[in-house]
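Here are the chains, one letter per residue:
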Amino acid sequence: MEHIIEVNHLRKVYGETVAVEDVSFNVRQGEIFGIVGPNGAGKTTTIESIIGLRKPDGGSVQVLGIEPQKQPRELSNRIGIQLQQAAIPERLKVWEALDLYASFYDRTVPWQPLIEEWGLADKRNTPFGKLSGGQQQRLFIALALLNDPEIVFLDELTTGLDPQARRATWDLVRAIRDQNKTVVLITHFMDEVQALADRVAIIDNGRLIALDTPQALVADLGAETRVHFSLQNGFDANVLQDVEGVTAVSQQNRQVNIQGNGPLLANIATALSKYNIAPSDLSVEQANLEDVFLALTGRAIRA
Ligand SMILES: Nc1ncnc2c1ncn2[C@@H]1O[C@H](COP(=O)(O)OP(=O)(O)O)[C@@H](O)[C@H]1O
Ligand SMILES: [Mg+2]
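Residues numbered from 1 in each chain as written. Chains lettered and ligands numbered in written order. Predicted model: local features only at pLDDT ≥ 70, side-chain atom pairs only at ≥ 80, totals over all residues. Heavy atoms only, no water.

**Description of the environment of Val183**
Line of reasoning, step 1. Take Val183: it is sitting in strand 7 (residues 182-187).
Line of reasoning, step 2. For Val183 and Thr213, which are 30 residues apart along the polypeptide, the C-alpha to C-alpha distance reads 15 Å.
Line of reasoning, step 3. When neighbours within four sequence positions are excluded, Val183 is seen to be in contact with Glu31, Ile32, Phe33, Val152, Leu154, Val173, Ile176 and Arg177. (Helix = DSSP H or I, 4+ residues; strand = E, 2+ residues; numbered from the N terminus. Contact = heavy atoms within 4.5 Å.)

Spelled out as structure tokens, the structure:
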């Protein structure tokens, strides 16, 4: 698959602070590429170096075959950016923001269909400050798509949104990719890259510490799956020891906890139905990217 972004040994320092150190990765055409890590890890600096806003102190970057520092105009015409620090004056109306951003590019798509597509058509005369959080995010997306870009960079798109608006925004990110655009998604939310990204770069203290699909990163942990349920009647859960994949069964009062590998939930459910037991609270707990981060760094990402 074609690499449309190539980052090699990127380094960026601010005075005494080494913000990014020896970061290398490629982004493939058409994927959602996640960059995740705690606050201060160097994610925004990495992205700002890729889009030409910051001059790297070491290493090299190529985007769509362009060197950002050499041809900034060519690059900005072909990429869309929603920046973490993006500030739109409170009183600027939606249509005014679109007009203003359109003036930054050599070529743009008409913005009327764009705001219809992103559910902002009836907000065109509304000042930015009067939009809801979700509407502001949709406007940022529309602005990032004004020049019909080949790559869209989204930096902390869902920060500050409530859980419901975050989920709605995830659908928008998928919708961008479905328009044949490559998406680079920068976030400190592990669940976000887990749900959305085809591949994930985990960054910590300015360094790339892991890069793979979310599934492979979790599988590499070798962590066991846990299945829980509670018993309605006198059933000896120890008979489940013999179910395929099960490595441990424990029981506390009515609560049963099972550990194991493979399609554990399916295997346990099948076994229970053989005993005519249908627990209403059968649940599964699998390792996720939070566990991956913990295993790699010894710290929880939210710390
Ligand atoms: N303009 C700047 N001047 C000085 N230090 C900065 C600047 N921007 C970021 N930093 C520092 O660089 C490091 C990485 O920051 P940043 O790239 O914003 O991380 P992230 O986006 O992962 O939160 C942090 O230690 C931050 O304080
Ligand atoms: Mg940031």
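**Overview of the nonpolar core**
Line of reasoning, step 1. One finds Leu139, Leu146 and Ile202 to be the most contacted residues of the largest nonpolar core, which totals 47 residues.
Line of reasoning, step 2. Take this core: its biggest share by element is six residues, from helix 5 (residues 133-144).
Line of reasoning, step 3. Those residues within four positions of Leu139 in sequence are excluded, and the remaining contacts are Ile88, Val94, Ala97, Leu98, Leu120, Phe128 and Leu131.
Line of reasoning, step 4. Membership of the second largest hydrophobic core comes to 27 residues, among which are Leu10, Ala19, Val63 and Ile66. (Core = buried A, V, L, I, M, F, W, Y, C linked by side-chain atoms within 4.5 Å. Buried < 20%, exposed > 50% of the residue type's maximum accessible area, 1.4 Å probe, protein only.)

**Side note on the pairing of strand 8 (residues 199-204)**
Two faces belong to every sheet, and in a regular strand the side chains alternate between them.
Line of reasoning, step 1. A large share of strand 8 lies buried, amounting to six of its six residues.
Line of reasoning, step 2. The two faces of strand 8 match: Arg199, Ala201 and Ile203 on one face and Val200, Ile202 and Asp204 on the other face are all buried.
Line of reasoning, step 3. Relative to strand 8, strand 3 (residues 32-36) runs parallel, the two being bridged by four bridges. Counted as the bridge partner of Gly34 is Val200 from strand 8.
Line of reasoning, step 4. Sheet topology note: the strand 8/strand 9 (residues 207-212) ladder contains five bridges and is antiparallel. (Pairing = 2+ DSSP bridges.)

**Quick word on the site of ligand 1**
Line of reasoning, step 1. Around ligand 1, the structure places Tyr14, Thr17, Ala19, Pro38, Asn39, Gly40, Ala41, Gly42, Lys43, Thr44, Thr45 and Arg54.
Line of reasoning, step 2. The separation between an oxygen atom of ligand 1 and a polar main-chain atom of Ala41 is 3.1 Å.
Line of reasoning, step 3. Contact with the protein chains hides 61% of the accessible area of ligand 1, taken as 560 Å² for the molecule alone.
Line of reasoning, step 4. Looking at the shell around ligand 1, the elements that each hand over two or more residues are strand 2 (17-28) and helix 1 (43-50).
Line of reasoning, step 5. For the shell around ligand 1, the element with the most residues is helix 1, which contributes three residues.
Line of reasoning, step 6. Among the residues making up the shell around ligand 1, the classes are represented as four nonpolar, six polar and two charged. (Near = heavy atom within 4 Å. Polar contact = N/O pair within 3.5 Å; in protein donor to acceptor, adjacent residues only side chain to side chain. Areas by Shrake-Rupley, 256 points an atom, 1.4 Å probe, with all protein chains shown as cover. Nonpolar A, V, L, I, M, F, W, Y, C, P; charged D, E, K, R; others polar.)

**Some words on the side chain of Thr44**
Line of reasoning, step 1. Structurally, Thr44 is set in helix 1.
Line of reasoning, step 2. There is a polar contact of 2.8 Å between the side chain of Thr44 and the side chain of Asp155.
Line of reasoning, step 3. Apart from the residues lying within four places of it in its own chain, the contact partners of Thr44 are Gln84 and Asp155.

**A word on the domain arrangement of the protein**
The parts lose accessible area when they come together, and the size of an interface is often stated as this lost area.
Line of reasoning, step 1. Split by domain assignment, the protein resolves into domain 1 (3-218) and domain 2 (224-286).
Line of reasoning, step 2. Distance from the C-alpha centre of domain 1 to the C-alpha centre of domain 2: 43 Å. (Domains from an automatic or database assignment.)

**Some thoughts on the packing of aromatic side chains**
Line of reasoning, step 1. Under the defined criterion, the tally for this structure stands at four aromatic pairs.
Line of reasoning, step 2. When the centroid spacing of 5.1 Å and the interplanar angle of 20° are considered together, the rings of Phe25 and Phe33 count as stacked. Considered together, Phe25 and Phe33 belong to a single accessibility category, that of buried residues.
Line of reasoning, step 3. Ring centres of Phe128 and Phe140 lie 5.7 Å apart, and the angle between their planes is 65°; on these two criteria the pair is classed as edge-to-face. Of this pair, Phe128 sits in the loop between helix 4 (111-117) and helix 5 while Phe140 sits in helix 5, placing them 12 residues apart in sequence.
Line of reasoning, step 4. Owing to a relative accessible area of 10%, Phe140 belongs among the buried residues under this scheme.
Line of reasoning, step 5. Its end group placed over the ring of Phe189, Arg166 keeps NZ or CZ at 3.9 Å from the ring centre. (Phe/Tyr/Trp six-rings, centres within 6.5 Å; stacked < 30°, edge-to-face > 60°. Lys NZ or Arg CZ within 6 Å of the ring centre and 35° of its normal.)

**Examining the sheet that holds strand 2**
Line of reasoning, step 1. What the three strands build is an open sheet, ordered 2-1-4; its pairing is antiparallel. Two strands in the sheet have a free side with no partner beyond their single neighbour: strand 2 and strand 4 (58-63). Averaged over all pairs of adjacent strands, the angle between their axes in this sheet comes to 15°, without regard to strand direction.
Line of reasoning, step 2. Note: strand 1 (residues 3-14) against strand 4, five bridges, orientation antiparallel. By the bridge assignment, Ile5 is partnered in strand 4 with Val63.
Line of reasoning, step 3. Sheet contacts for helix 1: strand 1, strand 2 and strand 4; angle to strand 1, the most-contacted strand, approximately 120°. (Axes fitted to C-alpha atoms, helices over the stretch in contact; angles between N-to-C directions.)

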